[in-house]
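Analysis of the macromolecular model
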Amino acid sequence: MKSIFTLLLLLTLVSCDKTKKTETQKIHQLDWLVGTWENNSDKGNLSENWEQINDSTYNGKTYFIRGNDTLHSETFVVNQVNDSIFYIPTIKGENDNKPVTFKLTQSTEKQFTFENPKHDYPTKIVYNKITTDSIVVEISGVVDGVFSAEKYPMKKAK
């Protein structure tokens with residue numbers, strides 16, 4: 001009887017562990033973004049760094065530098081809460097330096113779309129995997145009643 005109870009307890013623990021792993025596995029779709037991505041052009045140097053913090057969270061930083069001037073700086077957190085994944089950037093000098101939340105609304109093996117229709121601009125952020133070392137990040141939304149979109153091709157640096 002004692003061995004049956006022990007076996008049932010063990011099976012319950014294993015089952016709970018598998019459920020927890022399945023719930024957090026959704027965020028691991030984004031694992032290919034871990035690392036540093038860059039776009040160096042005549043306009044300046046764009047750099048985005050992703051790092052995995054734990055099973056449900058990534059942190060990152062984005063910089064756009066021209067010469068010695070940092071023209072754009074943001075930090076972001078991507079985390080999974082239950083079955084939802086959120087991209088939460090904080091942009092220096094914008095939105096009173098408060099974070100803005102974008103929810104993952106579509107995902108495939110090579111594309112992730114985060115949206116916040118209530119945000120002024122952008123309302124959509126899309127990460128497109130072109131190859132293992134090449135991505136295009138697109139931000140879009142409406143500015144002064146006109147649709148606007150910007151694309152940032154980036155190569156993996158490390």
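Scroll up for the structure.
Notes on the structure follow. (Residues numbered from 1 in each chain as written. Predicted model: local features only at pLDDT ≥ 70, side-chain atom pairs only at ≥ 80, totals over all residues. Heavy atoms only, no water.)

1. Quick notes on the overall build of the protein
Inclusion rule: Helix and strand assignments come from DSSP, with helices taken as H or I runs of at least 4 residues and strands as E runs of at least 2, each series counted from the N terminus. In this description, contact between two residues means that some pair of their heavy atoms is separated by no more than 4.5 Å. Calculation of accessible area relied on Shrake-Rupley with a 1.4 Å probe; when residues are assessed, cover is drawn exclusively from the protein chains displayed.
Helix and strand content of the protein: one helix and 10 strands. Along the protein, helices (α) and strands (β) appear in the sequence α-β-β-β-β-β-β-β-β-β-β when read from the amino end. In the protein, once contacts between residues fewer than 6 apart in sequence are set aside, the share between residues at least 24 apart is 27%. Counting every atom, the protein has about 10,300 Å² of accessible surface; 53% of that belongs to carbon and sulfur.

2. As for the environment of asparagine 82
Spelled out, the test is: Type-normalised accessible area, obtained with a 1.4 Å probe on protein chains alone, sets the label of each residue: buried when under 20%, exposed when over 50%, and partly exposed for intermediate values.
Here asparagine 82 shows up in the loop between β4 (69–81) and β5 (84–91). Accessibility expressed as a relative area gives 66% for asparagine 82, which makes it exposed. Between the C-alpha atom of asparagine 82 and that of lysine 26, which follows or precedes it by 56 residues, the distance is 9.6 Å.

3. Some remarks on the sheet that holds strand β8 (residues 124–131)
In plain terms, the rule: A pair of strands is labelled paired if DSSP reports no fewer than 2 bridges between them. To obtain an axis, a line is fitted to C-alpha atoms, over the contacting stretch when the element is a helix, and the angle between two such axes runs from 0 to 180 degrees between their N-to-C directions.
Spatial strand order, β1-β2-β3-β4-β5-β6-β7-β8-β9-β10: 10 strands in a closed barrel with antiparallel pairing. Looking at each pair of strands side by side, their axes are set apart by 25 degrees on average, direction ignored. Summarising the sheet, β5 and strand β6 (residues 102–107) pair through two bridges and their orientation is antiparallel. Counted as the bridge partner of tyrosine 87 is phenylalanine 102 from β6.

4. What about the nonpolar core?
The condition that has to hold: Residues belong to a common nonpolar core when they are buried Ala, Val, Leu, Ile, Met, Phe, Trp, Tyr or Cys residues joined through side-chain atoms within 4.5 Å.
Within the largest apolar cluster, 25 residues are counted, with the highest numbers of intra-cluster contacts made by Leu33, Trp50, Val78, Tyr87, Phe114 and Tyr127. Once residues within four sequence positions are removed from consideration, valine 78 is found in contact with Ile27, Leu30, Trp50, Ser56, Thr57, Tyr58, Ile85, Phe86 and Tyr87.

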